[in-house]
Structures are given as C-alpha cells and as structure tokens.
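# Topology and contacts: notes
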Amino acid sequence: MVILPRGVRHMPGHLPPELQRELVEAIRGVVRRAPLYVPTMPKTGKEMSVRMTNCGTLGWVTDKDGGYRYQPVHPMTNEPWPPIPALLLSLWREVAAYPHLPEACLVNFYEADARMGQHQDRDEADFSAPVVSVSLGDDCLFRIGGTRRRDPSVSVRLTSGDVVVLGGESRLAFHGVDRIYPSTSALLKQGGRINLTLRRVSAPPILAL
Ligand code: SIN
Ligand code: FE2
C-alpha cells in the first residue's frame, strides 16, 4: 500500500473483465477508423515509444513543428476522430464529478519496452475537470508526484481494469509510466497495454441565468 498524493483516486479493478473485453472491442473499432501512429516530441522530433490515436471531438497530438495540442482531425488521415465509446462516457459520468462530458479520449498503446516520461497534462482550458484514466492489458508501473517536477513521487502498479482519476490538487501532478510488465494479462491477444485518458478540453459554456 502506498499513500497517493492528495486528489489522486486509484480504483483497482473498477472495470470487471466483461466490460474490459467490451471496451477492447470498442477501441479496436476506433483504431480501424483512426489508426495508431508514432507521435513525435516538439522541437526535437524524437519519436515517442507509445503508439497513439484518439476518439472524441478533439484529440491530443504532438509533433516536431506543431508541438502539443488538441485538434479535431487525425494528423495522418485528416479525418475527424471517431466518437468516444458509450461505455467510457458512462464511466466519466460515474467517476468524474464534473457536469460536462469529456471531449477527448487519448488512446496510448504500450508494447513491452514502451514508457512515458514524467509530464503534466496541461493543454486543457478547464483544470476543474479531472483526467480519468483506464488501464487495459499488461500491468505497468505508474509514478506520480506533485505539481513541481522535483516533488517526491510514489509508484503504483496498475492492472487491467484499474481506473485512476487525477483531480483537484493532483490535476496538474507530474506523472508517467516507468515500465510495462509483459505477459501479465491475457486481455490483449498480442500483449501490451492500452491506456485511455478522458479529458475535458474546452472551458464549459457560461450559462446566463
Ligand atoms: C498519460 O499520462 O498520458 C498516460 C498514463 C498511463 O499510461 O497510465
Ligand atoms: Fe498524462
């Protein structure tokens, strides 16, 4: 048991196996329409080790010239992203405690040697909405710290079906994936790990009374 930073909610096994299988099928459908591609880092153009795609009205992308951003179309096909599967919208309603739906779902695919360096999710306009993350497939070692890069961090092993909510004080916490534990799940036939992160990107409409 580790003590997680304030505002982080880790819900182990929140999605039962049947829903995990249903979600994998839905993500296969997303990837057929919006193929996984190799994202590159701003300025250096260095390739990331994960493969990415998105669903939703907006998707998070990065490349050498354009940097980190959200856009309504896939960077390779120029087609709109497919919609966010209903199951994920239900999960958001259940756990986000936020009155508007997510606009983006980033799909990260990790092979055995992929990782994700420590970073903040800060390209969104409304930090009062949490980031909701779902793990599918092989386990990983997830590490999360504070809002400054030098803050101490804790490591937690995430397993298929786990949901993590980064909200409140942890919304801008540095986090990343230090390693994948290959062959720890039979959910994905070819192995690997899928992480889905649901995000509200735009500030919600201001309602006049
Ligand atoms: C991310 O921060 O974009 C991914 C986190 C994860 O893979 O669990
Ligand atoms: Fe992130």
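Residues numbered from 1 in each chain as written. Chains lettered and ligands numbered in written order. Predicted model: local features only at pLDDT ≥ 70, side-chain atom pairs only at ≥ 80, totals over all residues. Heavy atoms only, no water.

### Here we look at the side chain of Asp 126
Inspection of the secondary structure puts Asp 126 in the loop between strand E6 (116-119) and strand E7 (131-137). No salt bridge is formed by the buried Asp 126; the nearest opposite charge belongs to Arg 200, separated by 5.6 Å. Within the local environment of Asp 126, its side chain forms a polar contact with the side chain of Ser 128, the two groups lying 2.6 Å apart. In contact with Asp 126, other than residues within four places in its own chain, are Tyr 98, Arg 200, Val 201, Ser 202, Ala 203 and Pro 204. (Helix = DSSP H or I, 4+ residues; strand = E, 2+ residues; numbered from the N terminus. Buried < 20%, exposed > 50% of the residue type's maximum accessible area, 1.4 Å probe, protein only. Lys, Arg positive; Asp, Glu negative; His and termini not counted. Salt bridge = Lys/Arg side-chain N within 4 Å of Asp/Glu carboxyl O. Polar contact = N/O pair within 3.5 Å; in protein donor to acceptor, adjacent residues only side chain to side chain. Contact = heavy atoms within 4.5 Å.)

### Focus on the nonpolar core
Residues Leu 88, Val 132, Val 134, Leu 136, Val 163, Ile 194 and Leu 196 are the most contacted members of the largest nonpolar core, which totals 29 residues. Contributing elements (two or more residues each) for this core: helix H1 (17-33), helix H2 (86-95), strand E5 (104-110), E7, strand E10 (163-166) and strand E12 (193-199). Of all the elements, H2 adds the most residues to this core, at five residues. In contact with Val 134, other than residues within four places in its own chain, are Leu 15, Leu 23, Leu 88, Leu 91, Asp 162, Val 163, Ile 194, Asn 195 and Leu 196. Counting residues in each nonpolar core, the second largest holds 28 residues, with Met 52, Val 61, Ala 114 and Val 177 among its members. (Core = buried A, V, L, I, M, F, W, Y, C linked by side-chain atoms within 4.5 Å.)

### Re the coordination of the iron ion (ligand 2)
For the iron ion (ligand 2), every protein donor is listed as His 119 (NE2), Asp 121 (OD) and His 175 (NE2), and the spread of their distances is 2.1 to 2.3 Å. Because the angles between the four donor atoms bound to the iron ion (ligand 2) fall within 88 to 172°, the donor set is best described as irregular. In primary-sequence terms, the residues that donate to the iron ion (ligand 2) follow H-x1-D-x53-H. On the accessibility criterion, His 119 (21% relative accessible area) is partly exposed. On the accessibility criterion, Asp 121 (6% relative accessible area) is buried. (Donors = N, O, S within 2.8 Å, 3.2 Å for Na, K, Ca; no water. Tetrahedral: all angles 85-135°; square planar, octahedral: opposite > 155°, others 65-115°.)

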